[in-house]
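Working through the structure, step by step
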Amino acid sequence: MISSELKTNDQNHLIIGGVDSVKLAHKYGTPLVVYDVEKIRQQIKRFKSSFDESGLKYEISYASKAFAAIGMYQVLKQEGLHTDVVSGGELYTALKAGFPADKISFHGNNKSYQELEMAVDNHIGVVILDNFLEIELLKKVLQEKHTSINVMLRLTPGISAHTHKYDQTGQVDSKFGFDVESGQDKKALKQVLAIPEMKLIGIHAHIGSQIFGVQGFEMLAQKMVDISAEWKKEFEYKPEILNLGGGFGISYTDEDEPIGPDIFINKIITTLKEATQKADLVLPEVWIEPGRSIVGPAGFNLYTVGSRKDIPGMTSYINVDGGMGDNIRPALYQAKYEAVVTNKMKAELTEVDHLAGKYCESGDILIDKQKFPALVPGDIVAMLDTGAYGYSMASNYNLNPRPAVVFAENGQDKLVIERESFADLIKLDKSYL
Ligand SMILES: Cc1ncc(COP(=O)(O)O)c(C=O)c1O
Ligand SMILES: N[C@@H](CCCC[NH3+])C(=O)O
(Lines give C-alpha, C1' and ligand atoms only; values in the text may rest on other atoms or scores of the structure.)
(Ligands and ions follow the chains in the order given, each with its own letter.)
Protein backbone atom coordinates (compact mmCIF):
# COMPACT_ATOMS: atom_id res chain seq x y z
CA MET A 1 0.00 0.00 0.00
CA ILE A 2 1.26 3.47 -0.73
CA SER A 3 1.39 5.41 2.54
CA SER A 4 -0.05 8.50 0.78
CA GLU A 5 -3.29 6.48 0.34
CA LEU A 6 -3.71 6.23 4.10
CA LYS A 7 -6.42 8.27 5.80
CA THR A 8 -5.80 10.51 8.79
CA ASN A 9 -8.02 12.57 11.10
CA ASP A 10 -7.60 16.13 12.35
CA GLN A 11 -5.34 14.88 15.16
CA ASN A 12 -3.06 13.44 12.48
CA HIS A 13 -3.84 9.90 13.60
CA LEU A 14 -4.13 7.02 11.16
CA ILE A 15 -7.73 6.02 10.45
CA ILE A 16 -8.53 2.35 9.70
CA GLY A 17 -12.03 1.50 8.53
CA GLY A 18 -13.19 4.89 9.76
CA VAL A 19 -11.76 4.31 13.26
CA ASP A 20 -8.87 6.14 14.94
CA SER A 21 -6.06 3.55 15.13
CA VAL A 22 -4.55 5.19 18.24
CA LYS A 23 -7.88 4.68 20.01
CA LEU A 24 -7.93 1.07 18.84
CA ALA A 25 -4.43 0.51 20.23
CA HIS A 26 -5.47 1.97 23.60
CA LYS A 27 -8.82 0.17 23.70
CA TYR A 28 -7.59 -3.34 22.80
CA GLY A 29 -3.87 -3.08 23.66
CA THR A 30 -0.95 -3.94 21.39
CA PRO A 31 0.28 -5.83 19.47
CA LEU A 32 -3.01 -5.69 17.66
CA VAL A 33 -4.06 -6.83 14.20
CA VAL A 34 -6.66 -4.59 12.58
CA TYR A 35 -8.48 -5.29 9.33
CA ASP A 36 -10.17 -2.63 7.21
CA VAL A 37 -13.11 -4.81 6.17
CA GLU A 38 -14.26 -2.48 3.41
CA LYS A 39 -10.87 -3.02 1.73
CA ILE A 40 -11.47 -6.77 1.76
CA ARG A 41 -14.89 -6.28 0.18
CA GLN A 42 -13.51 -3.89 -2.46
CA GLN A 43 -10.83 -6.34 -3.49
CA ILE A 44 -13.40 -9.13 -3.82
CA LYS A 45 -15.49 -6.83 -6.02
CA ARG A 46 -12.48 -6.08 -8.23
CA PHE A 47 -11.94 -9.79 -8.84
CA LYS A 48 -15.63 -10.37 -9.47
CA SER A 49 -16.07 -7.49 -11.90
CA SER A 50 -13.05 -8.62 -13.93
CA PHE A 51 -14.78 -11.96 -14.47
CA ASP A 52 -18.28 -10.52 -14.88
CA GLU A 53 -17.17 -8.49 -17.91
CA SER A 54 -15.99 -11.67 -19.65
CA GLY A 55 -19.27 -13.57 -19.36
CA LEU A 56 -17.31 -16.66 -18.31
CA LYS A 57 -18.61 -19.02 -15.62
CA TYR A 58 -16.33 -18.64 -12.60
CA GLU A 59 -15.87 -19.01 -8.86
CA ILE A 60 -13.54 -17.14 -6.55
CA SER A 61 -12.38 -19.41 -3.77
CA TYR A 62 -10.60 -17.48 -1.02
CA ALA A 63 -7.50 -19.30 0.25
CA SER A 64 -8.15 -19.48 4.00
CA LYS A 65 -4.53 -20.04 4.88
CA ALA A 66 -3.90 -16.31 4.33
CA PHE A 67 -6.18 -15.52 7.29
CA ALA A 68 -8.83 -17.77 8.76
CA ALA A 69 -11.26 -16.80 11.51
CA ILE A 70 -14.99 -17.08 12.15
CA GLY A 71 -15.43 -13.37 11.33
CA MET A 72 -13.50 -13.73 8.09
CA TYR A 73 -15.61 -16.67 6.91
CA GLN A 74 -18.74 -14.65 7.74
CA VAL A 75 -17.59 -11.80 5.50
CA LEU A 76 -16.77 -14.26 2.71
CA LYS A 77 -20.19 -15.85 3.05
CA GLN A 78 -21.82 -12.42 2.84
CA GLU A 79 -19.84 -11.68 -0.33
CA GLY A 80 -20.89 -15.01 -1.89
CA LEU A 81 -17.37 -16.40 -2.24
CA HIS A 82 -16.14 -19.98 -2.10
CA THR A 83 -13.23 -20.82 0.19
CA ASP A 84 -10.47 -23.39 0.28
CA VAL A 85 -9.22 -25.02 3.45
CA VAL A 86 -6.02 -26.98 3.99
CA SER A 87 -6.61 -28.64 7.34
CA GLY A 88 -9.24 -30.04 9.64
CA GLY A 89 -8.78 -26.88 11.73
CA GLU A 90 -9.64 -24.52 8.87
CA LEU A 91 -12.55 -26.74 7.85
CA TYR A 92 -13.85 -26.81 11.43
CA THR A 93 -13.64 -23.01 11.70
CA ALA A 94 -15.40 -22.43 8.37
CA LEU A 95 -18.22 -24.79 9.36
CA LYS A 96 -18.53 -23.21 12.82
CA ALA A 97 -18.87 -19.84 11.08
CA GLY A 98 -21.84 -21.18 9.15
CA PHE A 99 -19.95 -21.06 5.86
CA PRO A 100 -21.82 -23.15 3.26
CA ALA A 101 -20.14 -26.57 3.09
CA ASP A 102 -20.86 -26.93 -0.62
CA LYS A 103 -18.66 -23.89 -1.30
CA ILE A 104 -15.61 -25.37 0.45
CA SER A 105 -12.67 -27.00 -1.37
CA PHE A 106 -10.26 -29.13 0.65
CA HIS A 107 -6.57 -28.90 -0.25
CA GLY A 108 -3.48 -30.46 1.27
CA ASN A 109 -0.60 -32.75 0.35
CA ASN A 110 -1.11 -35.10 3.29
CA LYS A 111 -4.74 -35.10 4.35
CA SER A 112 -5.41 -37.65 7.05
CA TYR A 113 -8.13 -40.29 7.02
CA GLN A 114 -9.91 -38.33 9.78
CA GLU A 115 -9.74 -35.10 7.78
CA LEU A 116 -11.18 -36.84 4.73
CA GLU A 117 -13.95 -38.33 6.88
CA MET A 118 -14.73 -34.86 8.18
CA ALA A 119 -14.95 -33.52 4.63
CA VAL A 120 -17.25 -36.35 3.56
CA ASP A 121 -19.44 -36.22 6.69
CA ASN A 122 -19.97 -32.50 6.16
CA HIS A 123 -20.69 -32.84 2.42
CA ILE A 124 -18.11 -30.26 1.36
CA GLY A 125 -18.06 -29.04 -2.24
CA VAL A 126 -14.88 -30.67 -3.51
CA VAL A 127 -11.82 -32.54 -2.31
CA ILE A 128 -8.76 -31.53 -4.31
CA LEU A 129 -6.79 -34.76 -4.54
CA ASP A 130 -3.05 -34.35 -4.20
CA ASN A 131 -1.49 -37.84 -4.22
CA PHE A 132 -2.08 -41.55 -4.77
CA LEU A 133 -2.46 -42.45 -1.09
CA GLU A 134 -5.21 -39.86 -0.78
CA ILE A 135 -7.15 -41.46 -3.66
CA GLU A 136 -7.06 -44.75 -1.73
CA LEU A 137 -7.99 -43.16 1.61
CA LEU A 138 -10.88 -41.17 0.19
CA LYS A 139 -12.15 -44.21 -1.70
CA LYS A 140 -12.17 -46.16 1.58
CA VAL A 141 -14.03 -43.38 3.41
CA LEU A 142 -16.63 -43.10 0.63
CA GLN A 143 -17.20 -46.85 0.37
CA GLU A 144 -17.51 -47.26 4.13
CA LYS A 145 -20.08 -44.48 4.25
CA HIS A 146 -21.85 -45.52 1.02
CA THR A 147 -21.65 -42.01 -0.38
CA SER A 148 -19.96 -39.96 -3.08
CA ILE A 149 -18.14 -36.62 -3.41
CA ASN A 150 -16.82 -34.17 -6.01
CA VAL A 151 -13.08 -34.24 -6.58
CA MET A 152 -10.48 -32.35 -8.59
CA LEU A 153 -6.95 -33.46 -9.34
CA ARG A 154 -4.15 -31.11 -8.31
CA LEU A 155 -1.52 -31.18 -11.04
CA THR A 156 2.08 -30.03 -10.95
CA PRO A 157 2.32 -28.34 -14.33
CA GLY A 158 6.08 -27.81 -14.44
CA ILE A 159 5.91 -24.02 -14.38
CA SER A 160 8.37 -22.10 -12.16
CA ALA A 161 6.89 -18.81 -10.98
CA HIS A 162 9.26 -15.89 -10.41
CA THR A 163 8.94 -15.54 -6.67
CA HIS A 164 10.67 -16.55 -3.41
CA LYS A 165 11.79 -20.21 -3.46
CA TYR A 166 9.46 -21.00 -0.54
CA ASP A 167 6.55 -19.49 -2.47
CA GLN A 168 6.98 -21.66 -5.61
CA THR A 169 4.66 -24.64 -5.98
CA GLY A 170 4.19 -25.34 -9.69
CA GLN A 171 7.71 -26.52 -10.62
CA VAL A 172 8.34 -30.23 -11.30
CA ASP A 173 10.36 -30.55 -8.08
CA SER A 174 7.47 -29.74 -5.75
CA LYS A 175 5.83 -31.66 -2.93
CA PHE A 176 2.36 -30.78 -4.20
CA GLY A 177 0.19 -32.52 -6.77
CA PHE A 178 0.43 -35.10 -9.54
CA ASP A 179 3.39 -34.50 -11.84
CA VAL A 180 2.39 -33.93 -15.46
CA GLU A 181 5.84 -34.39 -16.96
CA SER A 182 6.20 -37.99 -15.77
CA GLY A 183 2.57 -38.93 -16.45
CA GLN A 184 1.38 -39.17 -12.82
CA ASP A 185 -1.60 -37.05 -13.86
CA LYS A 186 -2.87 -39.67 -16.30
CA LYS A 187 -2.32 -42.49 -13.84
CA ALA A 188 -4.35 -40.57 -11.24
CA LEU A 189 -7.03 -39.76 -13.81
CA LYS A 190 -7.47 -43.44 -14.70
CA GLN A 191 -7.70 -44.41 -11.04
CA VAL A 192 -10.29 -41.74 -10.21
CA LEU A 193 -12.43 -42.42 -13.29
CA ALA A 194 -12.66 -46.04 -12.14
CA ILE A 195 -14.09 -45.07 -8.72
CA PRO A 196 -17.85 -44.48 -9.03
CA GLU A 197 -18.00 -42.71 -5.65
CA MET A 198 -15.77 -39.90 -6.97
CA LYS A 199 -17.10 -37.33 -9.41
CA LEU A 200 -14.15 -35.69 -11.13
CA ILE A 201 -15.29 -32.13 -11.83
CA GLY A 202 -12.02 -30.51 -12.81
CA ILE A 203 -8.30 -30.01 -12.54
CA HIS A 204 -6.31 -27.68 -10.35
CA ALA A 205 -2.84 -26.15 -10.42
CA HIS A 206 -1.23 -23.42 -8.33
CA ILE A 207 2.12 -22.03 -9.46
CA GLY A 208 3.08 -20.05 -6.38
CA SER A 209 2.48 -16.97 -4.28
CA GLN A 210 3.31 -13.23 -4.48
CA ILE A 211 3.68 -13.34 -8.26
CA PHE A 212 3.91 -10.11 -10.26
CA GLY A 213 4.21 -11.38 -13.84
CA VAL A 214 1.24 -12.52 -15.91
CA GLN A 215 3.33 -14.92 -18.03
CA GLY A 216 3.21 -17.73 -15.47
CA PHE A 217 -0.59 -17.57 -15.42
CA GLU A 218 -0.80 -17.41 -19.22
CA MET A 219 1.46 -20.46 -19.45
CA LEU A 220 -0.66 -22.24 -16.86
CA ALA A 221 -3.94 -21.47 -18.66
CA GLN A 222 -2.48 -22.77 -21.92
CA LYS A 223 -1.10 -25.88 -20.20
CA MET A 224 -4.43 -26.69 -18.55
CA VAL A 225 -6.19 -26.47 -21.92
CA ASP A 226 -3.50 -28.66 -23.53
CA ILE A 227 -4.01 -31.25 -20.79
CA SER A 228 -7.81 -31.09 -21.25
CA ALA A 229 -7.44 -31.65 -25.01
CA GLU A 230 -5.06 -34.56 -24.48
CA TRP A 231 -7.32 -36.20 -21.88
CA LYS A 232 -10.36 -35.77 -24.11
CA LYS A 233 -8.57 -37.53 -26.96
CA GLU A 234 -7.00 -40.27 -24.88
CA PHE A 235 -9.66 -40.92 -22.23
CA GLU A 236 -12.81 -39.25 -23.56
CA TYR A 237 -12.83 -37.20 -20.38
CA LYS A 238 -12.72 -33.41 -20.31
CA PRO A 239 -12.50 -31.33 -17.09
CA GLU A 240 -15.49 -29.01 -16.68
CA ILE A 241 -13.60 -26.73 -14.31
CA LEU A 242 -10.08 -25.36 -14.55
CA ASN A 243 -8.90 -24.16 -11.16
CA LEU A 244 -5.84 -21.96 -11.65
CA GLY A 245 -5.00 -21.39 -7.98
CA GLY A 246 -3.96 -18.10 -6.40
CA GLY A 247 -0.71 -16.20 -6.12
CA PHE A 248 -1.60 -12.68 -7.29
CA GLY A 249 1.08 -10.39 -5.86
CA ILE A 250 0.53 -7.29 -3.74
CA SER A 251 2.64 -4.25 -2.99
CA TYR A 252 4.46 -4.25 0.35
CA THR A 253 6.95 -1.47 -0.47
CA ASP A 254 7.71 0.98 -3.31
CA GLU A 255 9.89 -1.74 -4.88
CA ASP A 256 6.82 -3.92 -5.61
CA GLU A 257 4.84 -3.23 -8.75
CA PRO A 258 1.74 -5.39 -8.57
CA ILE A 259 -0.64 -5.92 -11.45
CA GLY A 260 -4.28 -5.40 -10.58
CA PRO A 261 -6.73 -8.34 -10.53
CA ASP A 262 -8.31 -6.99 -13.74
CA ILE A 263 -5.11 -7.40 -15.76
CA PHE A 264 -4.36 -10.86 -14.34
CA ILE A 265 -7.89 -12.06 -15.00
CA ASN A 266 -8.15 -10.51 -18.47
CA LYS A 267 -4.91 -12.13 -19.59
CA ILE A 268 -5.95 -15.51 -18.20
CA ILE A 269 -9.33 -15.30 -19.94
CA THR A 270 -7.84 -14.19 -23.26
CA THR A 271 -5.41 -17.12 -23.16
CA LEU A 272 -8.18 -19.56 -22.27
CA LYS A 273 -10.45 -18.32 -25.05
CA GLU A 274 -7.71 -18.56 -27.69
CA ALA A 275 -6.44 -21.92 -26.48
CA THR A 276 -9.86 -23.58 -26.25
CA GLN A 277 -10.86 -22.27 -29.67
CA LYS A 278 -7.66 -23.69 -31.17
CA ALA A 279 -8.19 -27.03 -29.44
CA ASP A 280 -11.85 -27.08 -30.42
CA LEU A 281 -12.96 -27.30 -26.80
CA VAL A 282 -15.88 -25.64 -25.04
CA LEU A 283 -14.75 -22.84 -22.72
CA PRO A 284 -14.56 -24.36 -19.22
CA GLU A 285 -15.66 -22.83 -15.94
CA VAL A 286 -12.72 -21.08 -14.26
CA TRP A 287 -11.91 -20.99 -10.56
CA ILE A 288 -9.20 -18.97 -8.85
CA GLU A 289 -7.97 -19.11 -5.25
CA PRO A 290 -6.65 -15.70 -4.20
CA GLY A 291 -5.57 -15.38 -0.57
CA ARG A 292 -2.94 -12.68 -0.10
CA SER A 293 -4.50 -10.27 -2.59
CA ILE A 294 -7.86 -10.40 -0.76
CA VAL A 295 -6.66 -9.78 2.81
CA GLY A 296 -3.03 -8.59 2.61
CA PRO A 297 -3.57 -4.87 1.95
CA ALA A 298 -6.47 -4.73 4.42
CA GLY A 299 -4.36 -5.69 7.44
CA PHE A 300 -2.41 -3.48 9.86
CA ASN A 301 -0.25 -4.71 12.75
CA LEU A 302 -0.18 -2.11 15.53
CA TYR A 303 2.70 -2.06 18.01
CA THR A 304 3.71 0.18 20.88
CA VAL A 305 7.24 1.55 20.86
CA GLY A 306 9.28 0.65 23.95
CA SER A 307 13.03 0.70 24.42
CA ARG A 308 15.62 1.76 21.87
CA LYS A 309 19.29 1.12 21.31
CA ASP A 310 21.37 3.77 19.58
CA ILE A 311 24.78 2.54 18.44
CA PRO A 312 26.91 5.66 18.06
CA GLY A 313 27.93 6.38 14.48
CA MET A 314 26.12 3.27 13.31
CA THR A 315 22.41 2.69 13.66
CA SER A 316 19.37 2.62 15.94
CA TYR A 317 17.06 -0.19 16.93
CA ILE A 318 13.52 0.76 17.91
CA ASN A 319 11.97 -2.10 19.88
CA VAL A 320 8.26 -2.79 19.73
CA ASP A 321 6.01 -5.08 21.78
CA GLY A 322 5.46 -7.69 19.03
CA GLY A 323 7.59 -9.21 16.30
CA MET A 324 8.19 -12.59 14.70
CA GLY A 325 5.47 -14.22 16.82
CA ASP A 326 2.78 -12.18 15.08
CA ASN A 327 4.58 -11.74 11.75
CA ILE A 328 7.19 -14.35 10.85
CA ARG A 329 7.45 -13.20 7.22
CA PRO A 330 10.44 -10.81 7.58
CA ALA A 331 12.46 -13.49 9.43
CA LEU A 332 11.33 -16.38 7.23
CA TYR A 333 11.32 -14.88 3.75
CA GLN A 334 13.26 -11.64 4.29
CA ALA A 335 9.94 -10.02 3.43
CA LYS A 336 9.94 -6.23 3.33
CA TYR A 337 7.24 -4.01 4.81
CA GLU A 338 6.62 -0.33 5.44
CA ALA A 339 5.38 1.21 8.65
CA VAL A 340 3.89 4.50 9.80
CA VAL A 341 3.67 6.09 13.22
CA THR A 342 -0.06 6.27 13.74
CA ASN A 343 -0.02 9.12 16.28
CA LYS A 344 2.43 11.22 14.25
CA MET A 345 1.21 10.82 10.70
CA LYS A 346 2.30 14.25 9.48
CA ALA A 347 5.50 14.56 11.54
CA GLU A 348 8.82 15.12 9.78
CA LEU A 349 10.84 11.96 9.22
CA THR A 350 14.08 12.66 11.05
CA GLU A 351 15.61 9.28 11.86
CA VAL A 352 16.48 6.05 10.07
CA ASP A 353 15.88 3.04 12.27
CA HIS A 354 15.57 -0.70 12.39
CA LEU A 355 12.17 -1.71 13.70
CA ALA A 356 12.93 -4.65 15.97
CA GLY A 357 10.66 -7.19 17.62
CA LYS A 358 10.82 -8.34 21.24
CA TYR A 359 11.68 -12.00 20.57
CA CYS A 360 15.00 -13.56 21.54
CA GLU A 361 16.32 -13.85 18.00
CA SER A 362 18.72 -11.49 16.25
CA GLY A 363 16.67 -12.17 13.12
CA ASP A 364 13.54 -10.72 14.72
CA ILE A 365 13.75 -7.48 12.77
CA LEU A 366 10.41 -6.38 11.36
CA ILE A 367 11.81 -3.65 9.12
CA ASP A 368 15.46 -3.48 8.22
CA LYS A 369 15.74 0.28 7.76
CA GLN A 370 13.16 2.96 7.34
CA LYS A 371 12.78 6.70 7.92
CA PHE A 372 10.69 7.55 10.99
CA PRO A 373 9.79 10.68 12.94
CA ALA A 374 11.60 10.96 16.30
CA LEU A 375 10.26 7.93 18.17
CA VAL A 376 9.60 7.81 21.91
CA PRO A 377 8.15 5.09 24.14
CA GLY A 378 4.38 4.94 23.79
CA ASP A 379 4.27 5.87 20.11
CA ILE A 380 2.09 3.52 18.08
CA VAL A 381 3.60 2.04 14.93
CA ALA A 382 1.44 0.41 12.25
CA MET A 383 3.05 -2.06 9.89
CA LEU A 384 1.13 -1.96 6.63
CA ASP A 385 -0.19 -4.77 4.41
CA THR A 386 0.15 -7.42 7.11
CA GLY A 387 -3.25 -9.02 6.50
CA ALA A 388 -2.02 -12.16 4.74
CA TYR A 389 0.13 -14.85 6.36
CA GLY A 390 0.67 -12.67 9.42
CA TYR A 391 -1.78 -13.73 12.12
CA SER A 392 -2.33 -17.04 10.33
CA MET A 393 1.35 -17.93 10.81
CA ALA A 394 1.54 -16.53 14.35
CA SER A 395 3.19 -18.56 17.10
CA ASN A 396 3.66 -18.52 20.84
CA TYR A 397 7.45 -18.42 20.59
CA ASN A 398 9.00 -17.24 23.85
CA LEU A 399 5.52 -17.92 25.28
CA ASN A 400 4.20 -14.63 24.07
CA PRO A 401 0.41 -14.64 23.69
CA ARG A 402 -0.90 -14.12 20.18
CA PRO A 403 -2.44 -10.68 19.56
CA ALA A 404 -6.11 -9.79 19.33
CA VAL A 405 -7.72 -9.20 15.93
CA VAL A 406 -10.21 -6.40 15.33
CA PHE A 407 -12.37 -5.71 12.28
CA ALA A 408 -13.05 -2.03 11.53
CA GLU A 409 -15.70 -0.88 9.08
CA ASN A 410 -17.82 2.24 8.66
CA GLY A 411 -16.42 3.81 11.81
CA GLN A 412 -17.23 0.75 13.97
CA ASP A 413 -14.76 -1.69 15.50
CA LYS A 414 -15.41 -5.26 16.57
CA LEU A 415 -13.15 -7.75 18.30
CA VAL A 416 -13.09 -10.92 16.16
CA ILE A 417 -10.29 -12.82 17.90
CA GLU A 418 -9.46 -12.27 21.54
CA ARG A 419 -5.91 -11.70 22.70
CA GLU A 420 -4.48 -14.86 24.21
CA SER A 421 -3.92 -14.73 27.96
CA PHE A 422 -1.04 -16.22 29.93
CA ALA A 423 -3.55 -18.79 31.18
CA ASP A 424 -4.30 -19.74 27.55
CA LEU A 425 -0.62 -20.43 27.07
CA ILE A 426 -0.60 -23.22 29.65
CA LYS A 427 -4.13 -24.52 29.25
CA LEU A 428 -2.91 -27.72 27.58
CA ASP A 429 0.02 -28.26 29.97
CA LYS A 430 -0.11 -31.13 32.45
CA SER A 431 1.91 -31.34 35.61
CA TYR A 432 4.80 -33.85 35.39
CA LEU A 433 5.70 -34.20 39.06
C1 LIG B 1 -3.30 -24.31 -3.56
C2 LIG B 1 -3.20 -22.88 -3.19
N3 LIG B 1 -4.18 -22.05 -3.57
C4 LIG B 1 -4.14 -20.74 -3.24
C5 LIG B 1 -3.09 -20.20 -2.54
C6 LIG B 1 -3.14 -18.75 -2.22
O7 LIG B 1 -2.08 -18.04 -2.69
P8 LIG B 1 -2.03 -16.48 -2.52
O9 LIG B 1 -2.25 -16.17 -1.09
O10 LIG B 1 -0.67 -16.12 -2.95
O11 LIG B 1 -3.08 -15.89 -3.39
C12 LIG B 1 -2.05 -21.03 -2.14
C13 LIG B 1 -0.87 -20.49 -1.45
O14 LIG B 1 0.15 -20.27 -2.05
C15 LIG B 1 -2.11 -22.41 -2.46
O16 LIG B 1 -1.16 -23.24 -2.07
N1 LIG C 1 3.25 -18.11 3.70
C2 LIG C 1 3.68 -17.63 2.41
C3 LIG C 1 2.70 -17.93 1.35
C4 LIG C 1 2.44 -19.37 1.32
C5 LIG C 1 1.48 -19.75 0.35
C6 LIG C 1 1.00 -21.13 0.59
N7 LIG C 1 1.17 -22.05 -0.52
C8 LIG C 1 3.97 -16.16 2.50
O9 LIG C 1 3.75 -15.60 3.53
O10 LIG C 1 4.44 -15.55 1.57
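Residues numbered from 1 in each chain as written. Chains lettered and ligands numbered in written order. Predicted model: local features only at pLDDT ≥ 70, side-chain atom pairs only at ≥ 80, totals over all residues. Heavy atoms only, no water.

The protein goes by Diaminopimelate decarboxylase in an unreviewed UniProt entry, where it is assigned to Companilactobacillus versmoldensis DSM 14857 = KCTC 3814. Here is the UniProt Pathway (unreviewed entry) comment for the protein, exactly as written: "Amino-acid biosynthesis; L-lysine biosynthesis via DAP pathway; L-lysine from DL-2,6-diaminopimelate: step 1/1." (UniProt positions renumbered as here; feature names shortened; annotations may be inferred.)

1. Focus on the packing of aromatic side chains
As enumerated under the stated definition, the model contains 14 aromatic pairs in all. Residues W231 and Y237 carry aromatic rings whose centres are separated by 6.3 Å and whose planes lie at 45° to one another, so their mutual orientation is tilted. By relative accessible area, which is 12% here, Y237 ends up buried. An aromatic cluster is defined as three or more aromatic residues linked by ring pairs; in this entry it consists of Y35, F67, Y391 and F407. Here K111 stacks its cationic end above the ring of F106, 5.9 Å away from the centre of that ring. When the ring centre of F132 is taken as reference, the NZ or CZ atom of K187 above it lies at 4.6 Å. (Phe/Tyr/Trp six-rings, centres within 6.5 Å; stacked < 30°, edge-to-face > 60°. Buried < 20%, exposed > 50% of the residue type's maximum accessible area, 1.4 Å probe, protein only. Lys NZ or Arg CZ within 6 Å of the ring centre and 35° of its normal.)

2. Focus: the sheet that holds strand β3 (residues 19–20)
Spatial ordering of the open sheet is given by β1-β2-β3, a layout of three strands whose pairing is antiparallel. Each of the sheet's edge strands pairs with one partner strand only, and the pair in question is β1 (7–8) and β3. Of the strand pairs in this sheet, β1 and strand β2 (residues 14–16) are connected by two bridges, and their pairing is antiparallel. Residue pairing in the sheet places T8 in a bridge with L14 of β2. (Pairing = 2+ DSSP bridges. Helix = DSSP H or I, 4+ residues; strand = E, 2+ residues; numbered from the N terminus.)

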